[in-house]
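# A closer look at the structure
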Amino acid sequence: MSRLGSWFRGSAPKPSSSPSTAASQVDLRAQEIAVMEDAMAGAALIMNDDIDGAEERLRKGDSAFHHLGMGVCIFMRSILGFEKAIMVETLNRLNECETASWNEMKKAQKDAGNVSGTIEDRIYPPGSEYALVIADSQLMSAVIAVLHESLTEGIKGFYKLRKAFITLDGIMQAEVAYLEKKGLHLDSSKEHVTSSSNSSTSGRGNDDTDDTDLEFVDADEAHSGTQTPLTYEGHLAKAIKSPEKKLSQLSLDSNATSKPPPGKTKTQASPSLPSGPPGGLESDIFTDPVDIFIHSGVNMCLGSLLLLISMVPPAFSRLLSIIGFKGDRERGVHMLWRSSQYDNINGAVAGLMLLAYYNGLLSFADILPSEEDVENGAVVGYPRARCSTLLSQMRARYPDSGLWRFEEARVLGNTRDLRGALQILKSNTKSKMRQVTALNNFELALNSMYIHEYRDMRDNFLRCVELNDWSHALYYYIAGCAELENYRNAFHEKKSDSQIQRHKKKANELLRKAPTVAGRKRFLAKPLPFEQFVGRKIQKWEERSKDLGIDLVDAIGVSPAEEMVYLWNGMKRMQTSELEMSEKVLSWSRLTAPKEARSKIMAETDEQAVRDVCRAAVARSLGKFDEAREVLDSVLAMDKLDFRGATKDDYPLPAANYELAVLAWIEVQNPEARRDVIAEGDTPEDREEEEEEWLREKTEECQSWLEKVAAWETFVLDARIGMRVQTGMDTIRWFKRERGWATA
């Protein structure tokens with residue numbers, strides 16, 4: 001068990017025997033600040049695409065901060081390239097960083113204990129900056145361990161996360177206790193520090209609180225007691241709890257609902273997100289460079305941890321029991337925004353996390369607050385203007401980085417300007433970091449797929465094989481899907497026989513290549529879900545080819561390229577013309593099999609279901625909601641047994657349930673739909689009551705569909721669909737809380 005209390009124990013000030021001792025401490029402090037700032041400046045080069053320059057500069061120092069910077073360098077290489085040898089080297093380097101930081105932390109505590117009158121004025125206990133470095137290292141080690149192919153290493157990684165949380169939480173407790181002593185508190189509605197005449201000024205609390213050894217206790221997932229606030233209020237309005245009691249009651253889900261006061265129909269708006277540089281009392285309090293490093297670093301690390309854990313799909317809930325607590329999306333996002341205000345490496349990483357979350361993970365989701373709700377403070381939505389401001393700040397700080405250009409392209413893609421996004425991506429292919437080039441190229445390949453540019457789609461996914469080692473099976477498969485569409489185009493447009501055969505041969509070659517390179521990468525000792533998906537698909541087509549006596553590429557049914565578009569939620573980024581093209585690509589008339597074989601392919605239940613789910617998503621994106629619902633109802637009427645088998649597509653049924661949840665949410669968000677249920681001639685009070693009841697019914701309908709998917713038996717792509725479900729459930733909890741429908 002990690003015992004954070006013992007880290008800071010024994011650091012109480014002792015009487016100094018000589019005035020020169022205090023003076024020497026000032027010199028050591030100045031030296032530490034200089035070393036820390038040099039290391040942070042070196043690490044910041046990473047965010048400007050100069051990872052080689054960062055390593056060269058960081059090698060010149062031997063402090064814990066320089067070790068951390070070197071760890072960040074190789075960590076970035078490993079998570080962006082997914083190369084096993086680099087992952088092993090990363091773990092070794094991060095372990096060295098932990099050791100060096102531990103020694104520096106103990107030395108700082110010992111030195112502080114020899115000087116009187118200094119600790120009382122500090123926000124954080126002596127050595128906290130090194131404790132933060134240790135937690136940083138543990139978080140990075142945990143991520144690498146989870147991505148490692150070994151289940152044992154993965155489990156070790158989750159325990160690293162636990163240890164890092166305890167460390168970070170301990171530092172945060174020290175911060176809020178200091179603010180309490182100064183009569184300050186965090187304004188939960190505006191996320192900034194304000195003075196409070198009512199706050200207790202009794203100091204940090206009794207000594208037992210600070211010195212108690214932390215024992216990590218698994219949280220009760222059904223806990224319904226006091227919930228963690230949206231912003232970290234610490235213990236400023238109440239006595240500081242012992243760490244054991246705090247952790248035993250841990251429930252980091254700020255979306256948990258609670259019953260509103262009688263007569264109150266809506267809760268107050270969610271707290272707004274901080275933006276711009278730190279100001280007000282916060283900038284007055286955090287003036288010391290070491291304090292700024294700790295404050296921005298703790299918010300970045302703990303915010304990232306809470307956000308990532310909150311997005312774990314329902315199917316992975318068993319893994320959460322290892323860590324012992326739930327994530328908190330709202331609190332995590334708030335902390336990341338707070339950290340991103342600082343112009344240092346911590347702020348840059350926080351900004352990168354936020355943009356990756358909003359432009360990447362959140363772009364897969366459909367059930368989100370409206371733009372109006374986001375402007376009013378809904379944290380679970382996409383704050384478009386704020387993200388644009390953040391991106392502009394990051395581009396100004398790091399003008400040579402292709403990483404921020406890549407994010408700029410994703411912003412355009414999420415606003416349905418795919419061609420504008422492609423223009424940026426095509427001009428951003430020469431980053432000094434190979435890993436950034438790989439990310440840029442993968443996005444280029446996806447966007448080519450969304451606009452049905454199949455030649456570019458094929459070539460860009462094949463280039464992914466050269467740039468990235470993550471999943472060559474997936475890259476070859478999607479390149480083969482693109483070439484299949486080229487073959488179908490040539491076939492139906494009556495091109496020359498040589499041209500038709502060239503595309504057919506290439507499609508066959510790429511698709512058959514995919515399963516031969518599968519299995520090289522594993523996640524927690526299990527095959528990657530998409531590689532399992534690819535293997536099942538190819539096996540299915542091979543068996544069908546043999547049974548029908550036709551070539552493999554002619555045995556393929558519904559467009560696998562369009563299926564990939566659905567699984568990446570590309571319909572959300574398409575304009576009307578692109579969606580209409582998707583409708584054509586999903587037509588049965590695109591098949592190239594002979595008439596009799598085509599009839600047999602079309603008769604397969606799971607084949608019909610895959611096509612119908614894709615068609616429903618396209619219809620929904622075009623605003624044809626009744627048509628989408630009718631198609632989905634036909635999928636739900638299918639026999640579940642028809643989706644079981646080694647080569648059957650098992651995701652369409654849960655996907656259809658999810659799509660129905662999305663349709664219900666669209667009605668909740670659509671004022672016109674609400675007016676249809678309000679009877680003419682009713683009084684304003686009656687109309688408001690009817691609308692409220694209708695909204696509640698639709699919200700419950702949406703939630704019931706989501707809960708069905710969350711409880712679904714395991715299927716190959718449950719993690720991918722599960723992320724959409726998890727975001728939807730967070731949104732529903734937020735909406736209920738805002739409407740005052742929460743229950744205790």
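Thresholds, definitions, all that
Chains are numbered independently. Their residues run from 1 in the order of the written sequence. With pLDDT at 70 or above as the cut-off, local features in this predicted model cover only qualifying residues; side-chain atom pairs require 80 or more to be listed or tallied, and sums for whole chains, interfaces and linings still use all residues. Each side-chain value is derived from all of the structure's non-hydrogen atoms; neither hydrogens nor water enter the calculation. For helices the rule is a DSSP run of H or I covering at least 4 residues; for strands it is a run of E covering at least 2, with both sets numbered from the N terminus onward. Relative accessibility under 20% of the residue-type maximum defines a buried residue, over 50% an exposed one, and the middle range a partly exposed one, all with a 1.4 Å probe and only protein chains included. When checking whether two residues touch, look at their non-hydrogen atoms; a contact exists if any pair is within 4.5 Å. Using a 1.4 Å probe, accessible areas were evaluated by the Shrake-Rupley method; residue-level cover was limited to the displayed protein chains. Put simply, two rings from Phe, Tyr or Trp (the six-membered ring, in Trp's case) pair if the centres are within 6.5 Å, and we call them stacked under 30 degrees between planes, edge-to-face over 60, tilted for the rest. In this analysis the charged atom, NZ for Lys or CZ for Arg, is taken to sit over a ring once it is within 6 Å of the ring centre and within 35 degrees of the ring normal. To get an axis, fit a line to the C-alpha atoms, keeping to the stretch in contact for a helix; angles then go from 0 to 180 degrees between the N-to-C directions. Each angle is binned into one of four classes, with values under 35 degrees roughly parallel, values over 145 roughly antiparallel, values of 65 to 115 roughly perpendicular, and all other values oblique. Handedness of a crossing follows from how the near helix is turned relative to the far one, being left-handed for an anticlockwise turn of less than a right angle and right-handed for a clockwise one. Classification convention: Asp, Glu, Lys, Arg as charged; Ala, Val, Leu, Ile, Met, Phe, Trp, Tyr, Cys, Pro as nonpolar; all other residues, Gly among them, as polar. Each patch is assembled from residues with relative accessible area greater than 30% and no salt bridge, linking like charges that lie within 9 Å and nonpolar side chains (Val, Leu, Ile, Met, Phe, Trp, Tyr) that lie within 5 Å. The working definition used for a salt bridge is a side-chain nitrogen of Lys or Arg within 4 Å of a carboxyl oxygen of Asp or Glu. Counting rule applied: Lys, Arg positive; Asp, Glu negative; His and chain ends not counted. To locate a charge, take atom NZ for lysine, CZ for arginine, CG for aspartate or CD for glutamate. Among buried residues, those of type Ala, Val, Leu, Ile, Met, Phe, Trp, Tyr and Cys that are joined through side-chain atoms within 4.5 Å constitute a nonpolar core. Take the residue count of a helix, subtract one, and multiply by 1.5 Å to get its expected span. pLDDT is a residue-level measure of predictor confidence that goes from 0 to 100. Here a polar contact means two N or O atoms within 3.5 Å. Within protein one must be a hydrogen donor candidate and the other an acceptor candidate, and residues neighboring in sequence count only if both atoms are side-chain atoms.

## Digging into the overall build of the protein
Regarding its fold elements, the protein presents 32 helices and four strands. Burial statistics for the protein: of 744 residues in total, 57% are counted as buried. Considering only residue pairs separated by 6 or more positions, the protein has 77% of its internal contacts joining residues 24 or more positions apart. Counting every atom, the protein has about 30,200 Å² of accessible surface; 50% of that belongs to carbon and sulfur.

## Things to note about the packing of aromatic side chains
Evaluated as defined, the whole model comprises 18 aromatic pairs. With centroids separated by 6.3 Å and ring planes inclined at 85°, the aromatic side chains of Tyr477 and Phe533 adopt a geometry described as edge-to-face. Here Phe533 lies in helix H23 (residues 529–548) and Tyr477 lies in helix H21 (residues 472–492), a separation of 56 residues in the sequence. Taken as a pair, Tyr477 and Phe533 share a single burial class, namely buried. Feature note: the residues Phe442, Phe461, Tyr475, Tyr477, Phe530, Phe533, Trp541, Trp568 and Tyr651 constitute an aromatic cluster, connected by ring pairs. The residue whose ring lies beneath Arg386 is Trp337, and the NZ or CZ to ring-centre distance is 5.8 Å.

## Looking at the environment of Glu32
One can find Glu32 in helix H2 (residues 19–44). Sequence separation of Glu32 and Ser63 is 31 residues, and the distance between their C-alpha atoms is 9.0 Å.

## Examining the packing of helix H28 (residues 625–636) against helix H29 (residues 652–669)
Following both chains from N to C, one finds H28 and H29 inclined at 150°, their axes separated by 10 Å at the closest point. With respect to H29, the axis of H28 lies roughly antiparallel. Note on packing geometry: the crossing formed by H28 with H29 is left-handed. Contacts between H28 and H29 involve Phe625, Ala628, Arg629, Leu632, Asp633, Val635 and Leu636 from the former and Pro652, Leu653, Ala656, Asn657, Glu659, Leu660, Leu663, Ala664, Ile666 and Glu667 from the latter. Here the residues of the contact of H28 with H29 sort into twelve nonpolar, one polar and four charged.

## Describing the packing of helix H17 (residues 402–414) against helix H18 (residues 418–426)
Between H17 and H18, whose axes approach to 7 Å, the crossing angle comes to 170°. When the axes of H17 and H18 are compared, the pair comes out roughly antiparallel. Contacts between H17 and H18 involve Arg405, Phe406, Glu408, Ala409, Leu412 and Gly413 from the former and Leu418, Gly420, Ala421, Ile424 and Leu425 from the latter. For the contact of H17 with H18, the class distribution of residues is seven nonpolar, two polar and two charged.

## Some words on a negative patch on the surface
Together, Glu685, Asp686, Glu688, Glu689, Glu693 and Glu697 give the surface a local cluster of negative charge. Here Glu689 lies in helix H31 (residues 684–710).

## Describing the pattern of salt bridges
All told, the structure shown has 44 salt bridges when counted by the stated rule. A salt bridge links Lys600 to Glu596; its shortest N-O distance comes to 4.0 Å. Of the two residues, Lys600 and Glu596 both sit in helix H26 (residues 595–603), four residues apart, roughly one turn of that helix. A relative accessible area of 60% means that Glu596 is categorised as exposed. Across the pair Lys698 and Glu667 runs a salt bridge whose closest N-O atoms are separated by 2.8 Å. Remark: Glu667 occurs in helix H29 and Lys698 occurs in helix H31; sequence separation between them is 31 residues.

## Quick word on the nonpolar core
Phe461, Tyr477, Phe533, Trp568 and Tyr651 are the most contacted members of the largest nonpolar core, which has 195 residues in total. Considering each element in turn, this core owes the most residues, twelve residues, to H21. With near-sequence residues (within four places) excluded, Trp568 lies in contact with Phe364, Phe442, Leu446, Tyr450, Leu474, Ile478, Phe530, Arg573, Arg720 and Arg724. Counting seven residues, the second-largest nonpolar core is a separate cluster that includes Ile550, Ala555, Leu591 and Ala593.

## Let's talk about H31
Between the first and last C-alpha of H31 there are 39 Å, a value that for 27 residues agrees with the 39 Å anticipated at 1.5 Å per step. Within H31, the full set of buried residues consists of Trp694, Leu695, Lys698, Thr699, Cys702, Gln703, Trp705, Leu706 and Val709.

## Things to note about the side chain of Arg458
Here Arg458 lies in helix H20 (residues 454–467). For Arg458, a relative accessible area of 15% translates into the label buried. Sequence-distant contacts of Arg458, that is, excluding residues within four places in its chain, are made with Ala479, Ala482, Glu483, Asn486 and Leu510.

## Re unusual backbone geometry
Even without glycine at this site, Arg416 takes up a positive phi of about 70°. Along the chain, Arg416 turns up in the loop between H17 and H18. Positive phi outside glycine occurs at His452, with the angle close to 65°. With relative accessibility at 11%, the residue His452 sits in the buried group.

## Here's the deal with the confidence of the model for the protein
Detailed reading of predicted coordinates is not advised where the pLDDT is low. Here the protein shows a mean pLDDT of 81. Residues at 70 or above account for 77%. Considering only residues more than four positions removed or in separate chains, one finds that residues 1–17, a stretch of pLDDT under 50, has 55 contacts. Across residues 187–272 the pLDDT falls below 50, and counting only partners more than four positions away or on other chains, this stretch makes 197 contacts in the model.

## Description of the environment of Leu422
When you line up the elements, Leu422 lands in helix H18. Taking relative accessible area as the criterion, Leu422 reaches 5% and is therefore assigned buried. Taking C-alpha positions, Leu422 is 9.9 Å from Leu446, a pair spaced 24 residues apart along the chain.

## Quick notes on H17
With 13 residues, H17 ought to run about 18 Å at 1.5 Å a step, and its terminal C-alpha atoms sit 19 Å apart, in line with that. With ten of its 13 residues buried, H17 lies for the most part within the structure. Turning to H17, its buried residues number three or more, namely Gly402, Leu403, Trp404, Phe406, Glu407, Ala409, Arg410, Val411, Gly413 and Asn414. Buried positions along H17 lie against helix H14 (345–361), helix H16 (384–397), H18 and helix H19 (434–450). A side-chain oxygen of the first residue of H17 lies 3.0 Å from the backbone nitrogen of Leu403; this N-cap is Ser401. The first or second residue beyond H17 is Arg416, which carries a positive phi of 70°.

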